[in-house]
Amino acid sequence: GDSVTQMEGPVTLSEEAFLTINCTYTATGYPSLFWYVQYPGEGLQLLLKATKADDKGSNKGFEATYRKETTSFHLEKGSVQVSDSAVYFCALTLSNDYKLSFGAGTTVTVRA
Amino acid sequence: EAGVAQSPRYKIIEKRQSVAFWCNPISGHATLYWYQQILGQGPKLLIQFQNNGVVDDSQLPKDRFSAERLKGVDSTLKIQPAKLEDSAVYLCASSPGQSSYNEQFFGPGTRLTVL
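Everything quoted here is computed from the prediction, not taken from an experiment. Counting restarts for each chain, with residues numbered from 1 along the sequence as it is written. Note on labels: chains are lettered from A, ligands numbered from 1, in written order. Selection of residues for local features in this predicted model requires a pLDDT of at least 70, selection of side-chain atom pairs for listing and counting requires 80 or more, and totals for whole chains, interfaces and linings are taken over all residues. To obtain the side-chain values, all non-hydrogen atoms of the structure were included, while hydrogens and water were left out.

A. Highlighting the overall build of chain A. Per the convention used, a helix needs a DSSP run of H or I reaching at least four residues, while a strand needs a run of E reaching at least two, with both numbered from the N terminus. The helix and strand tally for chain A stands at 0 helices and 12 strands. Ordering the α and β elements of chain A from the N terminus gives β-β-β-β-β-β-β-β-β-β-β-β. Based on C-alpha atoms, the radius of gyration is set beside the globule rule, defined as 2.2 Å times the residue count to the power 0.38. Taking 2.2 N^0.38 as the reference for a compact globule, 112 residues should give roughly 13 Å; the C-alpha atoms of chain A span a radius of gyration of 13 Å, in line with that estimate. Projected onto the principal axes, the alpha-carbon positions of chain A cover approximately 45 × 25 × 20 Å. Burial here depends on accessible area, computed with a 1.4 Å probe over protein chains only, as a share of the maximum for the residue type. Under 20% is buried, over 50% is exposed, and the range in between is partly exposed. Of all 112 residues assigned to chain A, the portion counted as buried reaches 46%. We call two residues contacting when some pair of their heavy atoms lies within 4.5 Å. Sequence separation of at least 24 residues holds for 55% of the intrachain contacts in chain A that already meet a minimum separation of 6. Summed over all atoms, the accessible surface of chain A reaches about 5300 Å², with 45% contributed by carbon and sulfur. Only four residue types enter the tally: Lys and Arg on the positive side, Asp and Glu on the negative side, with His and both chain ends excluded. For the purpose of locating charges, the reference atoms are NZ of Lys, CZ of Arg, CG of Asp and CD of Glu. Side chains of chain A give 9 positive and 12 negative charges; the mean places of these two sets differ by 4 Å. All accessibility values rest on the Shrake-Rupley procedure with a 1.4 Å probe; residue burial counts only the protein chains present in the view.

B. Summary view of the interface of chain A and chain B. Facing the 21 residues of chain A at the interface are 21 residues of chain B. Criterion for a salt bridge: a side-chain nitrogen of Lys or Arg within 4 Å of a carboxyl oxygen of Asp or Glu. Applying the counting rule to chain A against chain B returns 1 salt bridge. When the shortest N-O distance is used, the salt bridge between lysine 99 of chain A and aspartate 56 of chain B registers 3.4 Å. N or O atoms within 3.5 Å of each other form a polar contact, as long as, within protein, one can give a hydrogen and the other can take it, and as long as residues adjacent in sequence are counted only when both atoms are side-chain atoms. At the surface where chain A touches chain B, the tally comes to 2 residue pairs in polar contact (both at pLDDT 80 or more). No other element matches the 4 residues that strand β5 (residues 31–38) of chain A contributes to the side of chain A that touches chain B.

C. Main features of the state of the cysteines. Residue and element names in this part refer to chain A. For this text, the term disulfide refers to a pair of cysteine sulfurs within 2.5 Å. On inspection of all chains with the given rule, the structure shows 2 disulfides over all chains. Through a disulfide, cysteine 23 is tied to cysteine 90; the S-S separation comes to 2.0 Å. Where cysteine 23 bonds to cysteine 90 through sulfur, the torsion about that S-S bond is close to -70 degrees, and the disulfide is left-handed. Here cysteine 23 is found in strand β4 (residues 23–26), whereas its partner cysteine 90 is found in strand β10 (residues 86–94), with 67 residues between them in sequence.

D. Molecular detail of the pattern of salt bridges. Residue and element names in this part refer to chain B. The full count for this structure, using the stated rule, is 6 salt bridges over all chains. Among the salt bridges present, the one from aspartate 57 reaches lysine 62, with a minimum N-O distance of 3.7 Å. Between arginine 64 and aspartate 86 there is a salt bridge; the shortest N-O distance is 2.5 Å. One end of the pair, arginine 64, is in the loop between β6 (53–56) and β7 (65–68); the other, aspartate 86, is in the loop between β8 (75–79) and β9 (88–95), with 22 residues separating them in the sequence. As far as the burial class goes, arginine 64 and aspartate 86 line up, both buried.

E. Up close: the nonpolar core. Counting residues in each nonpolar core, the largest one holds 26 residues, and the members touching the most others are Trp35, Phe73, Leu75 and Tyr88 of chain A. Secondary-structure elements contributing two or more residues to this core are β2 (11–14), β3 (19–21), β4, β5, β6 (44–50), β8 (62–65), β10 and β12 (106–111) of chain A. Take this core: its biggest share by element is 4 residues, from β10 of chain A. Beyond its immediate stretch of four places on either side in the chain, leucine 75 of chain A contacts Leu19, Thr20, Ile21, Trp35, Leu47, Leu48, Phe62, Glu63, Ala64 and Tyr88 of chain A. Core analysis: the next-biggest nonpolar cluster, separate from the first, contains 21 residues, Ile26, Phe65, Cys92 and Leu112 of chain B among them. Definition used in this section: a nonpolar core is a set of buried Ala, Val, Leu, Ile, Met, Phe, Trp, Tyr and Cys residues joined via side-chain atoms within 4.5 Å.

Quick look at the structure:
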């Protein structure tokens, strides 16, 4: 079935460090790919998305590129801040479907 | 614009008791979702409504879980009787339509602990 596998955490970084969270997917069709973020005490929020191969989603300094050849959608940020501490979820939906299939989440802690 | 509202935020019950959660989606959003998020896992879809009709409840344990969305706005999710393994965060989300391109907006969730 359709699924998402993302890098296990927790990840602890210092401010201004480079962040990468790996995400790979398995899908029978052509999925849309998403990164959601959950800040402490808040609900899930869409961070960025890409709907077709080679698309790059970006928001708040985060980027992810839809790589069909490697079935990946890795999240990157060049210089993290303490305020980026959160749980990050990779997810997909299929073009003929609406259900979000989530990865297990990666907890990121950024230290000052 | 007000976000998705859920209540209560926290609930502690004993096994075999019943519990209900409430969700008020963003105004005008036709599609409503309930997800279950067990600690350490990503959210899993339980049920989806389009207006007041059920689109998908294939992952809903129907022997103990039920959900309704009367009048196509608010929704309630009920568990009766609860089991220990139902301890989780229950998330409600809404979106304008049913397309996979529609962003889903999530509420803060209800954290359920079953003792």
